[in-house]
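# Inside the fold
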Amino acid sequence: MRWWWIPLGLFALFVGLAGYQLSQPKEEFVRSTMIGKTLPAFALEPAFDGLPGASDADLRDGKPRLLNVWASWCLPCIAEAPYLEQLRASGVEIVGIAIRDRPEDVAEFLARHGNPYTRIGADDLSEVMLGIGSQGVPETFVIDGKGTITYQHMGDIRASDVPVLLEELRKAGA
Amino acid sequence: MIAELGLAALWLAAALAALQLIAGFLSIRHPTGELAQLVRPAAIVQGVLCAFAFGVLLWLFAVTDLSVKLVATNSHSMKPMIFKLSGAWGNHEGSMLLWITVMAMAGGLIALVERRLPEKTMLATLGAQAFVGLGFYAFLLLSSNPFERLPMPATEGLGLNPLLQDIGLAFHPPTLYFGYVGLSVAFSFAVGAMLTRQVTPEFARAMRPWVLGAWVFLTVGITAGSYWAYYELGWGGWWFWDPVENASLMPWLAATALLHSASVLAARDALRAWTIMLGVIAFSMSMLGTFLVRSGILTSVHAFAVDPQRGSFILILLTIYIGGALALFALRAGSVAEGERFTTASREGALVFNNVMLCAILGVVLMGTLYPLVTEAFDVRVSVGPPYFNPVGAIFTFPMLAVMAVGPLLHWRRDKLARVRTPLILVGLVTLTVLVLVLALYDTGILPLLGLAFAAGLAIASFLPLRGRNLRLVPVATWGMVVAHFGIAVALFGMASETAFNKERLAAVQAGGTTDVGPWSVTLAGVEPVAGPNWTAIEARLLASYDGGEPIVLGPQARSFWAPIQETNESVLATRWNGQLYAVIGNQGEDGRWQLRLWWKPWVTLIWYGGLLVALGGTLALVGRVLEDLKRRRVRTRMAERRREARA
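Residues numbered from 1 in each chain as written. Chains lettered and ligands numbered in written order. Predicted model: local features only at pLDDT ≥ 70, side-chain atom pairs only at ≥ 80, totals over all residues. Heavy atoms only, no water.

### Concerning the interface of chain B and chain A
One widely used convention gives an interface's size as the accessible area the parts lose upon coming together. Contact residues are listed per partner, giving 31 residues for chain B and 18 residues for chain A. The contact between chain B and chain A buries some 2,100 Å² in all, and 78% of this surface belongs to carbon and sulfur atoms. A per-residue breakdown of the area chain B buries against chain A is headed by Leu315, Leu326 and Ala330 of chain B, which together make up 20% of the total. Between chain B and chain A we count 0 salt bridges in total. Summed over the shared surface of chain B and chain A, the result is 1 residue pair in polar contact (both at pLDDT 80 or more). Of all elements in the fold, only α10 (272-295), α11 (308-332), α12 (347-377) and β7 (565-570) of chain B reach the threshold of two or more residues within the side of chain B that touches chain A. If you tally residues by element for the side of chain B that touches chain A, the top one is α11 of chain B, at 13 residues. Each residue belonging to the side of chain B that touches chain A can be placed in one class, and the counts come to 21 nonpolar, 7 polar and 3 charged. (Contact = heavy atoms within 4.5 Å. Buried area = accessible area lost by both parts, 1.4 Å probe. Salt bridge = Lys/Arg side-chain N within 4 Å of Asp/Glu carboxyl O. Polar contact = N/O pair within 3.5 Å; in protein donor to acceptor, adjacent residues only side chain to side chain. Helix = DSSP H or I, 4+ residues; strand = E, 2+ residues; numbered from the N terminus. Nonpolar A, V, L, I, M, F, W, Y, C, P; charged D, E, K, R; others polar.)

If you want it as structure tokens, here you go:
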């Protein structure tokens, strides 16, 4: 055994480690660190004339809800619109937060793709979005009746996500 | 139709690589056989076919052919032409094609011009080059086809990441690629020499221009990348120890070591096994970097095309090539005799010391880069940054710089330090003077302090090899060394100065308000919207005046791109001979004041001027070596002619 076996040995170690890491499921997103914590205080103006704005107080009246971060300019938001509609039909209350949006665009989006929301706040500076640890649109949070974030869904809601969200809402006390 | 032509050329090139591999390895024992005749032409045609395929891709991007998936996902009809073209390599598939193209063209070039190596080593080298190439062809053709069509042509492209829409970055990746792939040639040379057991000074001389060329490209690439990150990302720093940056630094460190050990082998027939190992390691670092960047295995601010499946593919390639070469090295290193002896105090001794230090620094960077991978296996997420890299790297860097100042003054084989006492004392005095001056005048950390002092010492020392010589008779390659070493000193001075004397100011300023940073006073004259070809922005009008002088107008922007939607900060720089003012405009607060971020960075530009000097030195050395070789070849032909005449 001479020193010239050392590079091969080190390389074998690296391959083992890298292979192990590659075979591990990879967390694609950065989860919010706010899960299990109380919502930060906020009060947002209405995003358009049709619905009231949103504040944290609206989300701590005892009834679990979904908090949906979206925008009219976001394409996946169109894709998830039918499933939000489906959730609303199952009796879920959904509060929207429109990110960097314009009232007329919001109204047009809702007219075209349906309106599942009870309230929509306008988050023009993404402050609330960042405050609850959301990194993109769309994103959906389950809030229990006491204003605590219990679950985070990243990306658009698809058919298979609907039962998961309903189950999370049930666990949150619906 | 055009895209299909490109694809066909690629398949044909891959087939030729297979032929080159088989013919090359089979004819090592019979280098004059018929099979051996195929190897060089195969390599040359392969290079031409790849160049054609890459040309096709450029064409598709130039005309924005939206029926090609790669164009539709990475380009946009509204982009300026230069960014349409750079879109061709600003993505995973295109950059892989660029990689294989450079590699095949290098193989063709070896086949065309290389005449120094014994024929069988030459055949083994081209065989090894084809072996490496085949893996990349497989990767490209089976999992990342750049010419894939969409079932339905898209109506408009998705655009190029706005951060990449920058002239510096358009040319930064190809530059690095020339470097990475140039090292694949050194790798093939090393494998070829191991297979035929012919590790000779001739071999080192044949390999050296390739290593030098690759190293120059790497140097330029890293320098440009650092400057790009500095002015484009808007965070005011020039090196972040990000895995992607480290991925380019590690092959550079290995190539630097290889360059110097190849010189020892060429001049003195020593360090045979060590040179071979560095040849393998240098390219391993290129591939490792590619793996880290593309597998998504490490989190990085600029990793792209993250895909575990591609990661597995590259890991398999790594295992075959690097594992194979290292196994071959372990088996053959013993039979490659160590060559000539030398004493510690000699040119070789100094070069060996610096080789070991360079490898140690490489180890430090490699460990820091891979450490998060290790901890993640135990479910702990960490990121390793400057607090580790700077001091731990410095432990090896400063001794290396000291020996770097002395080494070029020593004779080959055996020397006494006493012979160079006077120049050493001079260098020591300069270093010490700067150290004391800085310590007395400024309050700074230990690393920037040492950096400034060593930079001054090295700057003087790098010119000492010219002392007492007729400057017109000094070989070009020696000038190259002098310039490159001086460049290191210049870059080091820039880095240390930026760290030691950097001034930062984060201010909220009303329109018309004034703030200051270092010797600058900056007035925010106004903020107005502006529009570009595919973005809108707000632009601040800053009046910056240095030390009460005439104000200059600066316009930092906060840009919004809409395809894809992204916001970037276009910082502005005011460059003076003694440093740069760096300004970034931020958000407007509720009270109407604008956030303004300002830095005054004395001597910061020396970092990149130093890098360019290093590259210039490398180029001079390359030119010098090539000229020397040509002269030697002419002499040899003339001797042969004369011998023939004498016989007749």
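That covers the picture; the talk isn't over yet.
### So, empty space enclosed by the protein
For the coordinates displayed, the defined rule picks out 3 cavities of 30 Å³ or more. For the largest cavity, the full set of lining residues is Gln20, Ala43, Gln46, Ile100, Met103, Ala104, Gly107, Gln129, Ala130 and Gly133 of chain B. Of the residues assigned to the lining of the largest cavity, the class counts are 5 nonpolar, 5 polar and no charged. Put simply, the second largest cavity is a space of about 50 Å³. Every residue along the wall of the second largest cavity is listed here: Trp70, Cys77, Ala81, Leu84, Phe109, Leu110, His113, Gly114, Pro116 and Tyr117 of chain A. Where the lining of the second largest cavity is concerned, the elements lending two or more residues are α2 (75-89) and α3 (103-113) of chain A. A per-class count over the lining of the second largest cavity returns 8 nonpolar, 2 polar and no charged. (1 Å grid on protein atoms, 1.4 Å probe; cavity = no way out; pocket = protein on both sides within 12 Å on 5 of 7 lines; lining within 4 Å. Points joined across faces, edges and corners; volume = space filled by probe spheres on them.)

### What about a nonpolar patch on the surface?
All names here are of chain B. Nonpolar side chains collect at one region of the surface, where Leu19, Ile22, Leu26, Leu35 and Leu38 lie side by side and expose about 430 Å² of accessible area between them. At 3 residues, helix α1 (residues 2-26) tops the list of elements feeding residues into the nonpolar patch. Structurally, Ile22 can be placed in helix α1. (Patch = residues over 30% accessible without salt bridge, like charges linked within 9 Å, V, L, I, M, F, W, Y side chains within 5 Å. Areas by Shrake-Rupley, 256 points an atom, 1.4 Å probe, with all protein chains shown as cover.)

### Focus on the layout of surface pockets
Counted as a void, the second largest pocket has a volume near 1,400 Å³. Taken together, 42 residues make up the lining of the second largest pocket; nearest its centre are Arg100 of chain A together with Ala558, Ser560, Glu567 and Asn587 of chain B. The residue makeup of the lining of the second largest pocket, split by class, is 19 nonpolar, 12 polar and 11 charged.

### Let's talk about the pattern of salt bridges
Counted under the stated rule, the structure contains 28 salt bridges over all chains. Among the ionic pairs, Arg102 of chain A bridges to Asp105 of chain A, the shortest N-O distance being 3.2 Å. With its nearest N and O atoms 2.8 Å apart, the salt bridge here joins Asp269 of chain B to Arg272 of chain B. This pair shows no difference in class: Asp269 of chain B is buried, exactly as Arg272 of chain B is. (Buried < 20%, exposed > 50% of the residue type's maximum accessible area, 1.4 Å probe, protein only.)

### Considering the side chain of Thr256 of chain B
Residue and element names in this part refer to chain B. Its place among the elements puts Thr256 in helix α9 (residues 243-268). Assessed through its relative accessible area of 7%, Thr256 is described here as buried. Apart from residues no more than four positions distant in its own chain, Thr256 is found in contact with Trp215 and Leu358.

### Some words on the sheet that holds strand β5 (residues 117-123) of chain A
Residue and element names in this part refer to chain A. Strands sit in the order β5-β4-β3-β6-β7 across an open sheet of 5 strands; the sheet is mixed. If you trace the sheet from one side to the other, it starts and ends with β5 and β7 (149-154), each paired once. Across the sheet, the mean angle from the axis of one strand to that of its neighbour is 20 degrees, orientation sign disregarded. Where strand β3 (residues 65-70) lies against strand β4 (residues 94-99), 5 bridges are found, and the strand directions are parallel. Each residue of the ladder has a partner; that of Leu67, found in β4, is Val95. (Pairing = 2+ DSSP bridges. Axes fitted to C-alpha atoms, helices over the stretch in contact; angles between N-to-C directions.)

### Topic: the environment of Ala62 of chain B
If you trace the backbone, Ala62 of chain B turns up in helix α2 (residues 36-62). Setting aside chain neighbours within four positions, we find Ala62 of chain B in contact with Met81, Lys84 and Leu85 of chain B.

### Observations regarding the pairing of β4 of chain A
Where a strand is regular, its side chains alternate between the two sheet faces. Residue and element names in this part refer to chain A. Of all 6 residues in β4, 6 are buried; the element is thus mostly enclosed. The alternating pattern of β4 places Ile94, Gly96 and Ala98 on one face and Val95, Ile97 and Ile99 on the opposite face, and all of these are buried. For the crossover that starts at β3, traverses α2 and ends in the parallel β4, the hand is right-handed. Two elements, β4 and β5, share 6 bridges in a ladder whose sense is parallel. Residue Val95 lies in a different strand from β5, and its bridge partner there is Arg119. Chirality of the crossover, the property in question, places the unit of β4, α3 and β5 among those that are right-handed. (Right-handed = clockwise from strand over helix to strand, strands pointing away.)

### What to know about helix α5 (residues 161-171) of chain A
What sets the pattern is the α-helix's 3.6 residues per turn: residues three or four places apart point alike. All names here are of chain A. Three or more residues of α5 are buried, namely Asp161, Val162, Leu165, Glu168 and Leu169. With its buried residues spanning 125 degrees around the axis, α5 presents them on a single face. Away from its buried face, by an angle of more than 90 degrees, α5 presents the exposed residues Arg170 and Lys171. Looking at the buried residues of α5, the elements they touch are β3, α2, β6 (139-143) and β7. Directly after α5, the chain includes Gly173, whose backbone phi takes a positive value near 110 degrees. (Arc of directions from axis to C-beta.)

### Points about the packing of aromatic side chains
Residues and elements named next belong to chain B. The final tally for this structure, using the stated rule, is 33 aromatic pairs over all chains. Ring geometry for Tyr230 and Tyr582: centres 5.0 Å apart, planes at 70 degrees, overall edge-to-face. Here Tyr230, found in helix α8 (residues 201-232), pairs with Tyr582, found in strand β9 (residues 579-588); they are 352 residues apart in sequence, far enough to count as distant. On the accessibility criterion, Tyr230 (0% relative accessible area) is buried. (Phe/Tyr/Trp six-rings, centres within 6.5 Å; stacked < 30°, edge-to-face > 60°.)

### Some remarks on the side chain of Ser545 of chain B
Residue and element names in this part refer to chain B. Mapped onto the elements of the fold, Ser545 is located in strand β4 (residues 535-546). From its side chain, Ser545 meets the backbone oxygen of Gly549 in a polar contact 3.4 Å long. In this structure Ser545 touches Pro519, Trp520, Ser521, Glu550 and Pro551, once residues within four positions along its chain are discounted.

### What to know about the sheet that holds strand β8 (residues 572-576) of chain B
Residues and elements named next belong to chain B. Within the open sheet, the 4 strands sit side by side as β1-β10-β9-β8. Their pairing is antiparallel. Pairing within the sheet leaves two strands with one partner each, and these edge strands are β1 (503-509) and β8. Each adjacent strand pair in this sheet contributes to an overall mean axis angle of 15 degrees, direction not counted. Bridge count for β1 against strand β10 (residues 594-602) is 7 bridges, and the pairing is antiparallel. When the bridges of β10 are listed, Lys503 appears paired with Trp600. Relative to β9, α8 is tilted by about 40 degrees, and along the sheet it contacts β8, β9 and β10.

### Quick notes on the packing of helix α15 (residues 446-461) of chain B against helix α16 (residues 476-501) of chain B
What describes two packed helices is the angle between their axes and the distance between those same axes. Residues and elements named next belong to chain B. Remark: α15 packs on α16, axes separated minimally by 8 Å, with the N-to-C direction vectors making an angle of 155 degrees. Overall, the two elements α15 and α16 adopt an arrangement that is roughly antiparallel. When you trace α15 past α16, the crossing you get is left-handed. From α15, Pro448, Gly451, Leu452, Phe454, Ala455, Leu458 and Ala459 reach across to α16, where they touch His485, Phe486, Ile488, Ala489, Leu492, Phe493, Ala496, Ser497, Thr499, Ala500 and Phe501. (Parallel < 35°, antiparallel > 145°, perpendicular 65-115°, else oblique. Left-handed = near helix turned anticlockwise from the far one by under 90°.)

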